[in-house]
Amino acid sequence: MGKFVNTGIRIEAIATVVPNNYYGHEKNVQMFGEETVDKFEKITNIFATYKVSKHQTVSDLGYVAAVEIINKLKLNKHDIGVLVFASPAPDYIQPPTACVLQYRLGLPNDCAALDITHGCSSFPYGSQVVYSMMASSDCRYGLLIVGDSNSKNVNQKDNSYMLCSDAASAILFIRDSDAVNKTMLKTDGSRYKDIIIPGRGMRDLNPIDSEVVCSDGVSRSKYNWYMNGMNVFVFATRDVPKAVKEYLEWTDTDFEKYDAIAFHQANGIIIDRLVKTLKLKEEKVPNVIHDYGNTGGNSLLLALCEKYGNIELNKTIEVLGVAFGVGLSLGVTSFSINIDNIFPIIKTDNQFDDGIIELEDL
Amino acid sequence: MTEREKLAMLEEMLELEEGALNVDMELDDIEEYDSMSKLSLIVLMEDEFGVKLDANTIRGFKTVGDILKLMV
(Lines give C-alpha, C1' and ligand atoms only; values in the text may rest on other atoms or scores of the structure.)
Protein backbone atom coordinates (compact mmCIF):
# COMPACT_ATOMS: atom_id res chain seq x y z
CA MET A 1 0.00 0.00 0.00
CA GLY A 2 1.35 3.39 -0.93
CA LYS A 3 4.54 1.83 -2.24
CA PHE A 4 5.35 2.21 -5.93
CA VAL A 5 8.11 0.67 -8.02
CA ASN A 6 8.78 2.56 -11.26
CA THR A 7 11.00 1.13 -13.96
CA GLY A 8 12.38 2.55 -17.19
CA ILE A 9 12.04 6.23 -16.24
CA ARG A 10 14.31 8.52 -14.25
CA ILE A 11 14.85 12.13 -13.27
CA GLU A 12 17.26 13.86 -15.64
CA ALA A 13 17.37 17.52 -14.56
CA ILE A 14 16.19 19.98 -11.91
CA ALA A 15 15.90 23.77 -12.11
CA THR A 16 14.63 26.10 -9.39
CA VAL A 17 13.38 29.68 -9.52
CA VAL A 18 12.55 32.20 -6.81
CA PRO A 19 11.03 35.67 -7.19
CA ASN A 20 13.29 38.72 -7.00
CA ASN A 21 11.32 40.15 -4.08
CA TYR A 22 13.59 39.57 -1.05
CA TYR A 23 12.49 39.75 2.60
CA GLY A 24 15.39 39.87 5.04
CA HIS A 25 15.92 40.57 8.72
CA GLU A 26 15.38 44.32 8.45
CA LYS A 27 12.04 44.02 6.68
CA ASN A 28 10.84 41.50 9.25
CA VAL A 29 11.90 43.75 12.12
CA GLN A 30 9.86 46.58 10.57
CA MET A 31 6.81 44.30 10.47
CA PHE A 32 7.15 42.31 13.71
CA GLY A 33 9.66 44.10 15.96
CA GLU A 34 13.20 43.14 16.95
CA GLU A 35 12.33 40.87 19.88
CA THR A 36 9.84 38.71 17.97
CA VAL A 37 12.12 38.44 14.96
CA ASP A 38 15.16 37.48 17.06
CA LYS A 39 13.23 34.69 18.76
CA PHE A 40 11.73 33.52 15.47
CA GLU A 41 15.16 33.40 13.83
CA LYS A 42 16.68 31.52 16.75
CA ILE A 43 14.08 28.74 16.64
CA THR A 44 13.43 28.49 12.90
CA ASN A 45 16.89 29.50 11.61
CA ILE A 46 15.05 31.43 8.89
CA PHE A 47 16.64 34.80 8.15
CA ALA A 48 15.32 35.48 4.65
CA THR A 49 12.47 34.63 2.33
CA TYR A 50 11.37 35.49 -1.20
CA LYS A 51 7.83 36.59 -1.98
CA VAL A 52 6.02 36.75 -5.31
CA SER A 53 4.66 40.14 -6.36
CA LYS A 54 0.93 40.89 -6.56
CA HIS A 55 0.16 39.24 -9.90
CA GLN A 56 3.13 36.88 -10.01
CA THR A 57 2.34 33.19 -9.46
CA VAL A 58 4.00 29.83 -8.98
CA SER A 59 3.36 29.09 -12.65
CA ASP A 60 5.50 32.11 -13.61
CA LEU A 61 8.38 30.73 -11.55
CA GLY A 62 7.76 27.22 -12.87
CA TYR A 63 7.66 28.54 -16.42
CA VAL A 64 11.14 30.06 -16.05
CA ALA A 65 12.44 26.84 -14.48
CA ALA A 66 11.00 24.72 -17.30
CA VAL A 67 12.43 27.02 -19.98
CA GLU A 68 15.82 26.75 -18.29
CA ILE A 69 15.76 22.95 -18.61
CA ILE A 70 14.37 22.96 -22.16
CA ASN A 71 17.04 25.42 -23.32
CA LYS A 72 20.01 23.99 -21.47
CA LEU A 73 19.30 20.43 -22.58
CA LYS A 74 18.15 21.58 -26.03
CA LEU A 75 14.97 19.51 -25.77
CA ASN A 76 12.54 19.08 -28.62
CA LYS A 77 9.33 20.32 -27.02
CA HIS A 78 7.31 17.89 -29.11
CA ASP A 79 8.85 15.04 -27.13
CA ILE A 80 7.30 16.28 -23.87
CA GLY A 81 4.13 14.23 -23.49
CA VAL A 82 3.29 14.77 -19.81
CA LEU A 83 3.12 18.04 -17.87
CA VAL A 84 2.10 17.97 -14.21
CA PHE A 85 1.71 21.11 -12.10
CA ALA A 86 1.80 20.00 -8.46
CA SER A 87 1.04 22.96 -6.24
CA PRO A 88 -1.66 24.29 -3.93
CA ALA A 89 -1.34 27.67 -5.68
CA PRO A 90 -3.07 27.55 -9.08
CA ASP A 91 -3.45 30.61 -11.29
CA TYR A 92 -7.23 30.13 -11.38
CA ILE A 93 -9.98 27.95 -9.93
CA GLN A 94 -10.42 26.91 -13.58
CA PRO A 95 -8.69 26.03 -15.90
CA PRO A 96 -5.88 23.81 -14.59
CA THR A 97 -2.65 25.79 -14.41
CA ALA A 98 -0.88 23.01 -16.30
CA CYS A 99 -3.00 23.86 -19.34
CA VAL A 100 -1.84 27.49 -19.26
CA LEU A 101 1.75 26.32 -18.88
CA GLN A 102 1.38 23.91 -21.80
CA TYR A 103 0.41 26.92 -23.91
CA ARG A 104 3.09 29.26 -22.53
CA LEU A 105 5.84 26.66 -22.92
CA GLY A 106 4.76 25.86 -26.48
CA LEU A 107 4.27 22.17 -25.75
CA PRO A 108 2.33 20.09 -28.28
CA ASN A 109 -1.40 19.53 -28.03
CA ASP A 110 -0.54 15.85 -27.64
CA CYS A 111 0.84 16.67 -24.21
CA ALA A 112 -1.31 15.55 -21.26
CA ALA A 113 -1.41 18.41 -18.74
CA LEU A 114 -2.94 18.26 -15.28
CA ASP A 115 -2.77 19.76 -11.79
CA ILE A 116 -2.28 18.13 -8.41
CA THR A 117 -3.14 20.27 -5.41
CA HIS A 118 -0.72 18.79 -2.90
CA GLY A 119 1.49 21.14 -0.90
CA CYS A 120 4.75 20.37 0.83
CA SER A 121 4.72 16.73 -0.26
CA SER A 122 3.94 17.59 -3.88
CA PHE A 123 7.34 16.46 -5.18
CA PRO A 124 7.02 12.73 -4.38
CA TYR A 125 3.30 12.78 -5.18
CA GLY A 126 3.82 14.63 -8.45
CA SER A 127 6.77 12.42 -9.35
CA GLN A 128 4.70 9.29 -8.89
CA VAL A 129 2.02 10.64 -11.22
CA VAL A 130 4.63 11.44 -13.88
CA TYR A 131 6.29 8.03 -13.52
CA SER A 132 2.92 6.29 -13.85
CA MET A 133 1.72 8.34 -16.82
CA MET A 134 4.99 7.93 -18.70
CA ALA A 135 5.07 4.21 -17.96
CA SER A 136 1.79 3.72 -19.77
CA SER A 137 2.61 5.94 -22.74
CA ASP A 138 5.36 6.22 -25.31
CA CYS A 139 6.32 9.84 -24.67
CA ARG A 140 10.01 10.58 -24.39
CA TYR A 141 9.91 13.25 -21.67
CA GLY A 142 7.72 14.23 -18.75
CA LEU A 143 7.84 17.54 -16.95
CA LEU A 144 6.84 18.17 -13.34
CA ILE A 145 6.46 21.66 -11.88
CA VAL A 146 6.26 21.93 -8.09
CA GLY A 147 6.07 25.09 -6.03
CA ASP A 148 4.16 27.28 -3.67
CA SER A 149 3.38 30.94 -3.04
CA ASN A 150 2.14 30.72 0.52
CA SER A 151 3.14 34.32 1.21
CA LYS A 152 -0.10 35.26 -0.57
CA ASN A 153 -2.19 33.25 1.88
CA VAL A 154 -0.58 34.03 5.22
CA ASN A 155 -1.91 36.94 7.22
CA GLN A 156 0.83 39.55 7.34
CA LYS A 157 0.40 39.86 11.12
CA ASP A 158 1.05 36.12 11.54
CA ASN A 159 4.63 35.16 12.45
CA SER A 160 4.33 32.51 9.75
CA TYR A 161 4.73 35.33 7.24
CA MET A 162 8.42 35.27 8.14
CA LEU A 163 8.49 31.52 7.46
CA CYS A 164 6.69 31.34 4.12
CA SER A 165 8.79 31.74 1.03
CA ASP A 166 7.82 31.35 -2.62
CA ALA A 167 9.57 29.26 -5.25
CA ALA A 168 9.07 26.65 -7.96
CA SER A 169 11.12 23.87 -9.46
CA ALA A 170 10.91 22.06 -12.77
CA ILE A 171 11.91 18.40 -12.92
CA LEU A 172 12.54 16.60 -16.19
CA PHE A 173 11.82 12.87 -16.45
CA ILE A 174 13.29 10.78 -19.26
CA ARG A 175 13.24 7.18 -20.38
CA ASP A 176 16.13 4.95 -19.29
CA SER A 177 15.74 1.20 -19.52
CA ASP A 178 18.05 0.63 -16.54
CA ALA A 179 16.26 3.01 -14.19
CA VAL A 180 14.40 1.82 -11.11
CA ASN A 181 12.69 4.20 -8.71
CA LYS A 182 10.87 3.40 -5.49
CA THR A 183 8.44 5.91 -4.03
CA MET A 184 6.44 5.62 -0.82
CA LEU A 185 3.42 7.84 -0.17
CA LYS A 186 1.37 8.16 3.01
CA THR A 187 -1.69 10.12 4.12
CA ASP A 188 -3.30 10.92 7.47
CA GLY A 189 -6.40 12.85 6.48
CA SER A 190 -7.68 12.81 10.08
CA ARG A 191 -5.27 15.71 10.60
CA TYR A 192 -6.62 17.72 7.65
CA LYS A 193 -7.28 20.77 9.83
CA ASP A 194 -3.66 21.05 10.97
CA ILE A 195 -2.73 23.00 7.83
CA ILE A 196 -5.69 24.60 6.15
CA ILE A 197 -7.12 27.61 4.33
CA PRO A 198 -10.79 27.32 5.31
CA GLY A 199 -12.27 29.74 2.76
CA ARG A 200 -12.24 30.15 -1.03
CA GLY A 201 -12.88 26.47 -1.74
CA MET A 202 -16.33 25.21 -2.66
CA ARG A 203 -17.05 24.37 1.03
CA ASP A 204 -17.03 28.05 1.96
CA LEU A 205 -16.57 29.99 -1.26
CA ASN A 206 -17.17 33.59 -0.24
CA PRO A 207 -16.81 33.90 3.56
CA ILE A 208 -16.77 37.35 5.13
CA ASP A 209 -13.24 38.70 4.95
CA SER A 210 -13.20 39.73 8.61
CA GLU A 211 -10.46 38.59 10.97
CA VAL A 212 -10.97 36.55 14.14
CA VAL A 213 -8.39 35.87 16.84
CA CYS A 214 -7.69 32.12 16.70
CA SER A 215 -6.63 29.91 19.63
CA ASP A 216 -2.96 30.66 18.94
CA GLY A 217 -3.59 34.38 19.45
CA VAL A 218 -3.19 35.24 15.76
CA SER A 219 -5.82 37.19 13.83
CA ARG A 220 -6.89 35.55 10.61
CA SER A 221 -9.68 35.57 8.07
CA LYS A 222 -10.95 32.39 6.45
CA TYR A 223 -8.85 33.27 3.42
CA ASN A 224 -5.66 33.01 5.46
CA TRP A 225 -3.40 30.02 5.88
CA TYR A 226 -3.53 28.33 9.28
CA MET A 227 -1.03 25.86 10.67
CA ASN A 228 -1.24 24.11 14.02
CA GLY A 229 2.48 24.40 14.68
CA MET A 230 2.63 21.92 17.53
CA ASN A 231 0.70 19.18 15.73
CA VAL A 232 2.74 19.62 12.56
CA PHE A 233 5.97 19.61 14.56
CA VAL A 234 4.99 16.32 16.18
CA PHE A 235 4.05 14.87 12.77
CA ALA A 236 7.34 16.01 11.23
CA THR A 237 9.58 14.83 14.05
CA ARG A 238 7.87 11.50 14.87
CA ASP A 239 5.88 10.23 11.87
CA VAL A 240 8.43 11.30 9.28
CA PRO A 241 11.48 9.52 10.81
CA LYS A 242 9.37 6.37 11.13
CA ALA A 243 8.43 6.61 7.47
CA VAL A 244 12.05 7.12 6.42
CA LYS A 245 13.08 4.00 8.33
CA GLU A 246 10.21 2.08 6.71
CA TYR A 247 11.39 3.24 3.27
CA LEU A 248 14.96 2.12 3.96
CA GLU A 249 13.73 -1.27 5.10
CA TRP A 250 11.46 -1.65 2.07
CA THR A 251 14.21 -0.67 -0.36
CA ASP A 252 16.85 -2.61 1.56
CA THR A 253 19.09 0.46 1.67
CA ASP A 254 20.73 2.52 4.39
CA PHE A 255 21.86 6.14 4.64
CA GLU A 256 25.34 5.18 3.41
CA LYS A 257 23.88 4.57 -0.05
CA TYR A 258 22.83 8.20 -0.39
CA ASP A 259 25.05 11.20 -1.08
CA ALA A 260 22.31 13.64 -0.15
CA ILE A 261 19.37 13.22 2.20
CA ALA A 262 17.13 16.08 1.18
CA PHE A 263 14.30 16.95 3.54
CA HIS A 264 11.47 19.37 3.00
CA GLN A 265 12.91 22.63 4.36
CA ALA A 266 10.16 23.17 6.93
CA ASN A 267 12.13 25.13 9.49
CA GLY A 268 15.45 24.86 11.30
CA ILE A 269 14.22 23.10 14.41
CA ILE A 270 12.48 20.37 12.39
CA ILE A 271 15.50 19.73 10.17
CA ASP A 272 17.74 19.58 13.25
CA ARG A 273 15.39 17.09 14.90
CA LEU A 274 15.31 14.88 11.81
CA VAL A 275 19.12 14.89 11.62
CA LYS A 276 19.36 14.00 15.30
CA THR A 277 16.58 11.38 15.38
CA LEU A 278 17.88 9.58 12.30
CA LYS A 279 21.53 10.01 13.40
CA LEU A 280 22.53 11.58 10.08
CA LYS A 281 25.77 13.22 9.09
CA GLU A 282 24.94 16.91 8.77
CA GLU A 283 27.09 17.29 5.66
CA LYS A 284 24.76 14.89 3.85
CA VAL A 285 21.68 16.97 4.61
CA PRO A 286 21.29 20.07 2.42
CA ASN A 287 20.01 22.86 4.65
CA VAL A 288 19.18 26.20 3.04
CA ILE A 289 16.46 27.26 5.43
CA HIS A 290 18.60 30.19 6.66
CA ASP A 291 18.64 31.93 3.28
CA TYR A 292 15.40 30.82 1.64
CA GLY A 293 12.81 30.01 4.33
CA ASN A 294 10.11 27.40 3.79
CA THR A 295 9.27 27.31 0.08
CA GLY A 296 6.79 24.44 0.34
CA GLY A 297 6.71 21.53 -2.08
CA ASN A 298 9.84 22.39 -4.00
CA SER A 299 12.01 23.12 -0.97
CA LEU A 300 14.05 19.92 -1.04
CA LEU A 301 14.77 20.56 -4.73
CA LEU A 302 15.70 24.16 -4.02
CA ALA A 303 18.10 22.85 -1.38
CA LEU A 304 19.72 20.56 -3.97
CA CYS A 305 20.00 23.39 -6.48
CA GLU A 306 21.63 25.64 -3.87
CA LYS A 307 24.08 22.93 -2.81
CA TYR A 308 25.00 21.50 -6.21
CA GLY A 309 23.85 24.11 -8.73
CA ASN A 310 27.18 25.84 -9.07
CA ILE A 311 29.31 22.71 -9.08
CA GLU A 312 30.36 21.24 -12.42
CA LEU A 313 31.68 17.79 -11.72
CA ASN A 314 30.02 15.33 -14.12
CA LYS A 315 29.30 13.11 -11.16
CA THR A 316 26.13 11.19 -10.45
CA ILE A 317 24.78 11.37 -6.91
CA GLU A 318 22.14 9.34 -5.10
CA VAL A 319 19.45 11.45 -3.46
CA LEU A 320 16.93 10.44 -0.81
CA GLY A 321 14.04 12.91 -0.91
CA VAL A 322 11.68 13.28 2.05
CA ALA A 323 8.68 15.59 1.91
CA PHE A 324 5.80 16.14 4.35
CA GLY A 325 3.05 18.59 5.08
CA VAL A 326 -0.53 19.56 4.30
CA GLY A 327 -2.99 16.67 4.18
CA LEU A 328 -1.35 15.66 6.36
CA SER A 329 0.72 13.68 3.91
CA LEU A 330 4.26 12.56 3.35
CA GLY A 331 6.36 10.95 0.68
CA VAL A 332 9.77 9.37 0.46
CA THR A 333 11.51 8.76 -2.84
CA SER A 334 15.01 8.39 -4.20
CA PHE A 335 16.74 9.11 -7.45
CA SER A 336 20.16 9.40 -9.02
CA ILE A 337 21.11 12.51 -10.95
CA ASN A 338 24.20 14.01 -12.52
CA ILE A 339 25.26 17.08 -10.54
CA ASP A 340 25.73 18.98 -13.79
CA ASN A 341 21.99 18.71 -14.40
CA ILE A 342 21.12 20.32 -11.07
CA PHE A 343 21.02 23.93 -12.17
CA PRO A 344 21.79 27.09 -10.15
CA ILE A 345 18.85 28.94 -8.60
CA ILE A 346 17.41 31.68 -10.82
CA LYS A 347 15.73 34.87 -9.57
CA THR A 348 13.01 36.39 -11.70
CA ASP A 349 10.36 39.08 -12.10
CA ASN A 350 8.70 37.02 -14.83
CA GLN A 351 4.96 37.48 -14.87
CA PHE A 352 2.36 36.36 -17.42
CA ASP A 353 0.54 39.63 -17.97
CA ASP A 354 -1.89 38.07 -20.46
CA GLY A 355 -3.01 35.84 -17.61
CA ILE A 356 -4.47 38.78 -15.68
CA ILE A 357 -8.02 38.59 -16.96
CA GLU A 358 -10.28 41.59 -17.27
CA LEU A 359 -13.95 40.67 -17.71
CA GLU A 360 -14.20 43.04 -20.65
CA ASP A 361 -11.65 40.85 -22.46
CA LEU A 362 -13.72 37.70 -22.20
CA MET B 1 16.76 16.87 39.91
CA THR B 2 15.44 19.50 42.30
CA GLU B 3 12.44 21.69 41.63
CA ARG B 4 14.74 24.71 41.36
CA GLU B 5 16.88 22.95 38.73
CA LYS B 6 13.80 22.13 36.68
CA LEU B 7 12.61 25.71 36.91
CA ALA B 8 16.05 26.86 35.79
CA MET B 9 15.79 24.70 32.68
CA LEU B 10 12.46 26.30 31.78
CA GLU B 11 13.85 29.77 32.52
CA GLU B 12 16.76 29.14 30.18
CA MET B 13 14.43 27.82 27.51
CA LEU B 14 12.21 30.90 27.79
CA GLU B 15 15.23 33.21 28.07
CA LEU B 16 14.03 34.50 31.45
CA GLU B 17 16.20 35.63 34.33
CA GLU B 18 17.10 33.08 36.98
CA GLY B 19 14.37 32.92 39.59
CA ALA B 20 11.71 34.41 37.30
CA LEU B 21 9.47 31.33 37.47
CA ASN B 22 7.70 29.52 40.28
CA VAL B 23 5.45 26.46 40.18
CA ASP B 24 2.22 28.35 40.79
CA MET B 25 2.58 30.79 37.91
CA GLU B 26 -0.14 30.60 35.27
CA LEU B 27 1.36 29.90 31.85
CA ASP B 28 -1.09 32.30 30.21
CA ASP B 29 0.53 35.09 32.22
CA ILE B 30 4.03 34.36 30.88
CA GLU B 31 4.47 36.38 27.72
CA GLU B 32 7.50 34.37 26.61
CA TYR B 33 5.54 31.10 26.70
CA ASP B 34 4.29 31.35 23.12
CA SER B 35 3.75 29.01 20.17
CA MET B 36 7.45 29.00 19.28
CA SER B 37 8.62 28.23 22.81
CA LYS B 38 6.19 25.30 22.92
CA LEU B 39 8.24 23.67 20.15
CA SER B 40 11.34 24.18 22.30
CA LEU B 41 9.46 22.58 25.20
CA ILE B 42 8.68 19.48 23.09
CA VAL B 43 12.38 19.18 22.26
CA LEU B 44 13.56 19.78 25.85
CA MET B 45 11.14 17.24 27.34
CA GLU B 46 12.08 14.60 24.77
CA ASP B 47 15.84 15.12 25.00
CA GLU B 48 16.19 15.64 28.73
CA PHE B 49 13.42 13.46 30.15
CA GLY B 50 12.44 11.09 27.33
CA VAL B 51 8.87 12.45 27.52
CA LYS B 52 7.07 12.69 24.17
CA LEU B 53 4.63 15.56 24.55
CA ASP B 54 1.73 15.97 22.17
CA ALA B 55 -0.30 19.08 21.44
CA ASN B 56 -3.23 18.03 23.65
CA THR B 57 -0.96 17.53 26.67
CA ILE B 58 0.63 20.93 26.12
CA ARG B 59 -2.75 22.57 25.76
CA GLY B 60 -3.69 21.00 29.11
CA PHE B 61 -0.84 22.71 30.97
CA LYS B 62 -2.22 25.54 33.09
CA THR B 63 0.66 26.32 35.45
CA VAL B 64 4.43 25.97 35.45
CA GLY B 65 3.94 23.20 38.01
CA ASP B 66 1.93 21.16 35.47
CA ILE B 67 5.03 21.01 33.26
CA LEU B 68 7.31 20.18 36.20
CA LYS B 69 5.17 17.16 37.06
CA LEU B 70 6.29 15.54 33.79
CA MET B 71 9.96 16.44 34.24
CA VAL B 72 10.86 13.15 35.86
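Residue positions are given per chain, counted from 1 along the sequence in the order it is written. Following the order in which they are written, the chains are lettered starting with A and the ligands numbered starting with 1. Reporting in this predicted model follows two pLDDT cut-offs: at least 70 for local features of residues, and 80 or more for side-chain atom pairs to be given and counted; totals over whole chains, interfaces and linings ignore these cut-offs and use all residues. Side-chain calculation: all heavy atoms of the structure are included, whereas hydrogens and water are not.

Participant: With reference to specific residues and values, describe the overall build of chain B.
Facilitator: Numbered from the N terminus, helices here are DSSP runs of H or I no shorter than four residues, and strands are runs of E no shorter than two. Counting secondary structure elements, chain B contains four helices and zero strands. For chain B, the succession of helices and strands along the chain, N to C, is α-α-α-α. The C-alpha extent of chain B, read off along each of the three principal axes, is 25 × 25 × 20 Å. Relative accessibility under 20% of the residue-type maximum defines a buried residue, over 50% an exposed one, and the middle range a partly exposed one, all with a 1.4 Å probe and only protein chains included. With 72 residues in all, chain B has 47% of them scored as buried. Residue contacts are defined here by distance: any two heavy atoms, one from each residue, within 4.5 Å place the two residues in contact. Relative to all contacts within chain B whose residues are 6 or more apart in sequence, the contacts with residues 24 or more apart total 51%. Note that accessible areas follow from Shrake-Rupley with a 1.4 Å probe, and for residues the cover is restricted to the protein chains shown. Carbon and sulfur atoms make up 45% of the accessible area of chain B, which amounts to about 4100 Å² in all.

Participant: Lay out the layout of surface pockets in plain terms, naming residues and giving numbers.
Facilitator: Detection works on a 1 Å grid of protein atoms alone, calling trapped sets that fit a 1.4 Å probe cavities and calling open sets with protein on both sides within 12 Å along at least five of seven lines pockets, with lining residues defined by an atom within 4 Å of a point. Grid points are joined across faces, edges and corners, and a volume is the space filled by probe spheres set on the points. Here the second largest pocket is characterised by a volume of approximately 510 Å³. Around the second largest pocket, the lining is made up of 21 residues, and of these Ile43(A), Ile269(A), Met13(B), Ser40(B) and Val43(B) lie nearest the centre. Elements that contribute at least two residues to the lining of the second largest pocket include exactly helix 2 (34–44) and helix 7 (268–277) of chain A together with helix 1 (3–13) and helix 2 (35–49) of chain B. Residues were grouped as follows: Ala, Val, Leu, Ile, Met, Phe, Trp, Tyr, Cys and Pro as nonpolar; Asp, Glu, Lys and Arg as charged; and all remaining residues, including Gly, as polar. Across the lining of the second largest pocket, the residue classes break down as seven nonpolar, five polar and nine charged.

Participant: Help me get a handle on the interface of chain B and chain A, residues and values and all.
Facilitator: Counting residues at the interface gives 18 residues for chain B, matched by 16 residues for chain A. Summing the contributions of chain B and of chain A, the shared interface buries around 1500 Å²; its carbon and sulfur component is 59%. By definition, the buried area sums, over both parts, the 1.4 Å-probe accessible area that each loses when the two are put together. Considering only the surface of chain B that becomes buried against chain A, Met36(B), Leu39(B) and Val43(B) emerge as the three largest contributors, covering 37% of it. Salt bridge, as applied in this entry: a Lys or Arg side-chain nitrogen positioned within 4 Å of an Asp or Glu carboxyl oxygen. Taken together, chain B and chain A are joined by six salt bridges. With its nearest N and O atoms 3.0 Å apart, the salt bridge here joins Lys276(A) to Asp47(B). Contacts described as polar in this section are N or O atom pairs within 3.5 Å, which, within protein, must combine one atom able to donate a hydrogen with one able to accept it, while residues neighboring in sequence count only if both atoms come from side chains. Summed over the shared surface of chain B and chain A, the result is seven residue pairs in polar contact (both at pLDDT 80 or more). For the side of chain B that touches chain A, the secondary-structure elements that each account for two or more residues are helix 2 and helix 3 (55–60) of chain B. Looking at the side of chain B that touches chain A element by element, the count peaks at nine residues for helix 2 of chain B. For the side of chain B that touches chain A, the residue count by class is seven nonpolar, two polar and nine charged.

Participant: Describe a negative patch on the surface, listing the residues and the values that go with them.
Facilitator: Put simply, a patch holds well-exposed residues, over 30% relative accessible area, that have no salt bridge, with like charges counted together within 9 Å and Val, Leu, Ile, Met, Phe, Trp or Tyr side chains within 5 Å. Just so you know, the count uses Lys and Arg for positive and Asp and Glu for negative, and it drops His and the chain ends. Each charge is placed at NZ for Lys, CZ for Arg, CG for Asp and CD for Glu. Taken together, the side chains of Glu34(A), Glu35(A), Asp38(A) and Glu31(B) make up a negatively charged region of the molecular surface. Structurally, Asp38(A) is set in helix 2.

Participant: Explain the packing of aromatic side chains to me, using residue names and the numbers behind them.
Facilitator: All names here are of chain A. The criterion for an aromatic pair is that two Phe, Tyr or Trp rings (for Trp, the six-membered ring) have centres within 6.5 Å, with stacked assigned to planes under 30 degrees apart, edge-to-face to planes over 60 apart and tilted to the rest. Counting across every chain of the model gives six aromatic pairs over all chains. Where Tyr131 meets Phe173, the ring centres are 5.1 Å apart and the plane angle is 90°; that geometry is what we call edge-to-face. Separated by 42 residues along the polypeptide, Tyr131 in helix 5 (residues 122–135) and Phe173 in strand 7 (residues 167–187) bring together distant segments of the chain. Relative to Trp250, the ring of Tyr247 lies with its centre 5.8 Å away and its plane at 75°, an arrangement referred to as edge-to-face. One end of the pair, Tyr247, and the other, Trp250, are both in helix 6 (residues 229–251), three residues apart, so they sit about a helical turn from each other. Here a set of aromatic residues connected by ring pairs shows up, and it is made of Tyr22, Tyr50 and Tyr292. When the ring centre of Tyr23 is taken as origin, the NZ or CZ atom of Lys51, which lies over that ring, is 5.2 Å away. Here the basic side chain of Arg104 rests over the ring of Tyr63, its NZ or CZ set 4.1 Å away from the ring centre. Either the NZ atom of lysine or the CZ atom of arginine qualifies as a charge over a ring when it sits within 6 Å of the ring centre and within 35 degrees of the ring normal.

Interpretation note: all reported values are geometric properties and have no functional meaning in isolation.
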